[in-house]
Amino acid sequence: MTWAAILAGAAGCYLLKLAGLSVPQRVLDRPLVRRTADVIPVALLAALVAVQGWRPPWCCSCCAHPSSWWSSAPRSQLRCSGSPDPAIRLRARAGEAPLDRRRIAGRSTPAVSRR
Amino acid sequence: VTRSAHQRAIVRDSLGVGVATGLYGASFGALAVTSGLDVPQTCVLSLLMFTGASQFALVGVVAAGGSPLSGTLTALLLGTRNTLYGLRLAPLLGWTGVRRAAAAHLVIDESTAMSVTRETREDARIGFLTTGWSVFVLWNAFTLAGALAGSAIGDPRAYGLDAAVGGAFLALLWPRLARPVQRLIAVAAAAVALGAVPVTAAGVPVLVAGGVALLAGVLAGPRLDPPEEAR
């Protein structure tokens, strides 16, 4: 069953990619399609930059990433050796490993997989 | 700047993004095996599905005890953004037949990002192929490494590479913000994507940002057209 899901998913994802590359020129020439296609690079790049996070070199993504600002994790649990916040640095120095705020919040999807 | 130096710069930037992205294959490999997939299943996903967010989504559903079929559907939903990329890539890359069929496999966030902003077809192809191939080779190599080593390899974010990728994308975005309507779309896409990050699975934020592009195409209409033909 897992193999079936993997192979069906892989075939479907490939066909979705191929479908996009195979859209005929006369469809691409329609004003709505053309305008949408023109806007895609700006929307794609802006979204990628945003979700990649804009991390200053002195800080890890657990505190610098904007998406963590409204995370439900209590601030008193954060610990990160690279944080600009002394209290957070102190907890990290107390011997605990750096911890991602999203992981504290109990999210099962690892934050590295945002792309 | 000479032509060849310009193209070398595209290759260099593309390889940088390719290396930084490919290393995340280790995260995927480790996560997949800890989620209950075996090593061949993990490697086949990276080889044949080859679109990171969809792979993570399928593995995530399996790990959460969901039915493999719903994992497949989630993966397909996320895969629809690659279709959207094709609208812009198809006329730009200009491949047909077997080449188009082969190129389709390399259509992912990164290869699209490193090619859609290029001025010429040649530059777009260089950016697309260099990024696509380097991500493909490294993503698969590190998937295998991560699957074999489990979580021992650790989190690639520790090396700070995600910041390098963000920098490369920002450098490509910047020149495209000349007009107010473009800046508005960029801000809206970024805001929508960020808003989706805490409440959705990987890949959904970029997908909903694609929805912003669609919406902009409908709402802004002719205002989106460049003042003079830029290409």
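The structure displayed is predicted, hence computed values, not measured ones.

Definitions and cut-offs
- Residues numbered from 1 in each chain as written.
- Chains lettered and ligands numbered in written order.
- Predicted model: local features only at pLDDT ≥ 70, side-chain atom pairs only at ≥ 80, totals over all residues.
- Heavy atoms only, no water.
- Helix = DSSP H or I, 4+ residues; strand = E, 2+ residues; numbered from the N terminus.
- Contact = heavy atoms within 4.5 Å.
- Areas by Shrake-Rupley, 256 points an atom, 1.4 Å probe, with all protein chains shown as cover.
- Buried area = accessible area lost by both parts, 1.4 Å probe.
- Salt bridge = Lys/Arg side-chain N within 4 Å of Asp/Glu carboxyl O.
- Polar contact = N/O pair within 3.5 Å; in protein donor to acceptor, adjacent residues only side chain to side chain.
- Nonpolar A, V, L, I, M, F, W, Y, C, P; charged D, E, K, R; others polar.
- pLDDT = per-residue confidence, 0-100.

### With respect to the overall build of chain B
Move 1: The helix and strand inventory of chain B stands at 11 helices and zero strands.
Move 2: Its helices and strands in sequence order give chain B the pattern α-α-α-α-α-α-α-α-α-α-α, from N to C terminus.
Move 3: Considering only residue pairs separated by 6 or more positions, chain B has 74% of its internal contacts joining residues 24 or more positions apart.
Move 4: With an accessible surface of roughly 9500 Å², chain B has 69% of that area assigned to carbon and sulfur atoms.

### Structural notes on the interface of chain A and chain B
Move 1: The partner chain B presents 92 residues to the 61 residues of chain A that form the contact.
Move 2: Note on chain A versus chain B: buried area summed over both sides is about 6600 Å², and carbon and sulfur give 72% of it.
Move 3: Here chain A is connected to chain B by one salt bridge.
Move 4: Between R88 of chain B and D38 of chain A there is a salt bridge, with the nearest N and O atoms lying 3.9 Å from each other.
Move 5: Applying the counting criterion to the chain A and chain B interface returns seven residue pairs in polar contact (both at pLDDT 80 or more).
Move 6: Elements with a contribution of two residues or more to the side of chain A that touches chain B: α1 (2-21), α2 (25-28), α3 (31-52) and α6 (101-104) of chain A.
Move 7: Broken down by element, the residue count for the side of chain A that touches chain B peaks at 21 residues, all from α3 of chain A.
Move 8: Split into classes, the residues belonging to the side of chain A that touches chain B amount to 37 nonpolar, 13 polar and 11 charged.

### Comments concerning unusual backbone geometry
Move 1: Phi at F50 of chain B takes a positive value of approximately 45°, unusual for a residue other than glycine.
Move 2: Positionally, F50 of chain B belongs in the loop between α3 (39-49) and α4 (52-63).

### Brief notes about the confidence of the model for chain B
Move 1: When the pLDDT values of chain B are averaged, the result is 85; 89% of them are 70 or greater.
Move 2: Predicted as a complex, the structure gets a pTM of 0.72 and an ipTM equal to 0.83.

### Observations concerning the side chain of R35 of chain A
Move 1: Mapped onto the elements of the fold, R35 of chain A is located in helix α3.
Move 2: A polar contact is formed between the side chain of R35 of chain A and the backbone oxygen of G221 of chain B, at a distance of 3.2 Å.
Move 3: If sequence neighbours within four positions are ignored, R35 of chain A has contacts with G217, G221, P222, L224 and D225 of chain B.

### Digging into the side chain of H105 of chain B
Move 1: Within the fold, H105 of chain B resides in the loop between α6 (97-104) and α7 (109-113).
Move 2: Separated by 2.8 Å, the side chain of H105 of chain B and the backbone oxygen of L47 of chain B make a polar contact.
Move 3: Excluding its chain neighbours within four sequence positions, the residues that come into contact with H105 of chain B are Y14 and K17 of chain A together with L47, L48, M49, F50 and F136 of chain B.

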